[in-house]
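Here are the chains, one letter per residue:
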Amino acid sequence: MSTSGGEHTVGVIDRVVKIKNRYFPGICVAITIGIAASFLSQKYGAPAMLMALLLGLAFNFLSEESSCIPGIEFSAKTLLRLGVALLGLRITFGDVLSLGWGPLVMVCSAVLMTIGFGLFMAKWLGFSSRFGLLTGGSVAICGASAAMAISSVMPQSEESKRDTLFTVISVTTLSTIAMIVYPMIVHELAMTPQEASLFLGGTIHDVAQVVGAGYSMSGEIGDLSTFVKLLRVAMLVPIVLMIGYVFRSRMSQQAGSGRVAIPGFLIGFVALFTANSFGVIPAMIAEPLSGSSSWLLLTAVAALGVRTSLKEIMNVGWLPVILVISETIFIAALMIGFITFH
């Protein structure tokens, strides 16, 4: 019995060591960049998220270092989702009610209209409706995550794989640009914090860049813009289910591949948001967890910068780029119009 128990303990330790060796180098890189970004932010008053992103881009070569890749991917995905889920501890029902029902209607309308615009532009530029759905859906909902989810319910081919790769790279790049440029637009248009939250959360493609843009302006805008963004993320499930149903109906010989699951971080966000609103979680627990979300997000944005390679976009033609840019401009103009005439 004791020998068996000892072997089990050794086996557990071996697995822990293997996991540490696999993820530790990349996570250390992301954390180190995050700490450096925080120092620069405090020293020069620059946004910490922006500094983390720019420093990460400077260390892009580490994304090709095999020992760093798993940890960088873990930081950019898992730590990001955990950080976003913990943001639920920073928002209450009272904050949401301050926005009103208007944002929900605006977000749903913007998502559907952007996907429709993507279909129209794809046909006009000579692309397939599949490519229009892929790019339009990724711009409208949640960037690279939406691109992967939508692609999973479409017929698979070498062409579809290339389309998915292009979409992931292009929306990530445009989302990074938006993270820097959109706060300038907010200042130029003299938007209120609520209007700024609607604009940033309702237009920027990826969650990480919404977080970066929002918190670079203020904590309030960061919290509310993340909530608005998660309204768009929540639409991923019905949209992908609908797209999958359409393709299964058109091509009955090819059964739809994979089930669409609700993102775990969205479930976590809603659960913590609800618990926080009703005061279920004690302050002595909620405050440290809420504070840790900032560091998790800073680390995730640093990792996102490390794994982003802008040079890969140079290998594609201009028409696909024009399509994604036009969809990005469309949803931004649409939200500005909604905010102006709301």
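Quantities reported herein were computed from a predicted structural model and do not represent experimental measurements.

Things to note about unusual backbone geometry
- The phi torsion at Ala190 lies on the positive side, around 55°, for a residue other than glycine.
- Taking relative accessible area as the criterion, Ala190 reaches 61% and is therefore assigned exposed.

Considerations on the packing of aromatic side chains
- With the rule as written, the count across this model stands at 5 aromatic pairs.
- Ring geometry for Tyr23 versus Phe74: centroids 5.3 Å apart, planes at 50°, classification tilted. Here Tyr23 is found in helix α1 (residues 2-44), whereas its partner Phe74 is found in helix α3 (residues 69-86), with 51 residues between them in sequence.
- Given the relative accessible area of 26%, Tyr23 is considered partly exposed.
- Accessibility expressed as a relative area gives 28% for Phe74, which makes it partly exposed.
- Taking NZ or CZ as reference, Arg22 lies 5.5 Å from the ring centre of Tyr23, over its face.

A closer look at the state of the cysteines
- On inspection of all chains with the given rule, the structure shows 0 disulfides.
- Here Cys28 stays free of any disulfide, with the sulfur of Cys68 as its closest cysteine sulfur at 9.2 Å.
- Taking the relative accessible area as the measure of exposure, Cys28 reaches 29% and is therefore partly exposed.
- Relative accessible area serves as the criterion here: at 7%, Cys68 is assigned to the buried category.

Topic: the packing of helix α9 (residues 193-203) against helix α15 (residues 318-341)
- The contact between α9 and α15 brings their axes to 9 Å, and the two run at 155°. Overall, the two elements α9 and α15 adopt an arrangement that is roughly antiparallel. In this structure, the crossing between α9 and α15 has a hand that is right-handed. Within the contact between the two elements, α9 uses Glu195, Leu198, Phe199, Gly202 and Thr203 and α15 uses Ile331, Ala332, Met335, Ile336 and Ile339.
- For the contact of α9 with α15, the per-class residue count stands at 7 nonpolar, 2 polar and 1 charged.

Parameters at a glance
Residues numbered from 1 in each chain as written. Predicted model: local features only at pLDDT ≥ 70, side-chain atom pairs only at ≥ 80, totals over all residues. Heavy atoms only, no water. Buried < 20%, exposed > 50% of the residue type's maximum accessible area, 1.4 Å probe, protein only. Phe/Tyr/Trp six-rings, centres within 6.5 Å; stacked < 30°, edge-to-face > 60°. Helix = DSSP H or I, 4+ residues; strand = E, 2+ residues; numbered from the N terminus. Lys NZ or Arg CZ within 6 Å of the ring centre and 35° of its normal. Disulfide = S-S within 2.5 Å. Axes fitted to C-alpha atoms, helices over the stretch in contact; angles between N-to-C directions. Parallel < 35°, antiparallel > 145°, perpendicular 65-115°, else oblique. Left-handed = near helix turned anticlockwise from the far one by under 90°. Contact = heavy atoms within 4.5 Å. Nonpolar A, V, L, I, M, F, W, Y, C, P; charged D, E, K, R; others polar.

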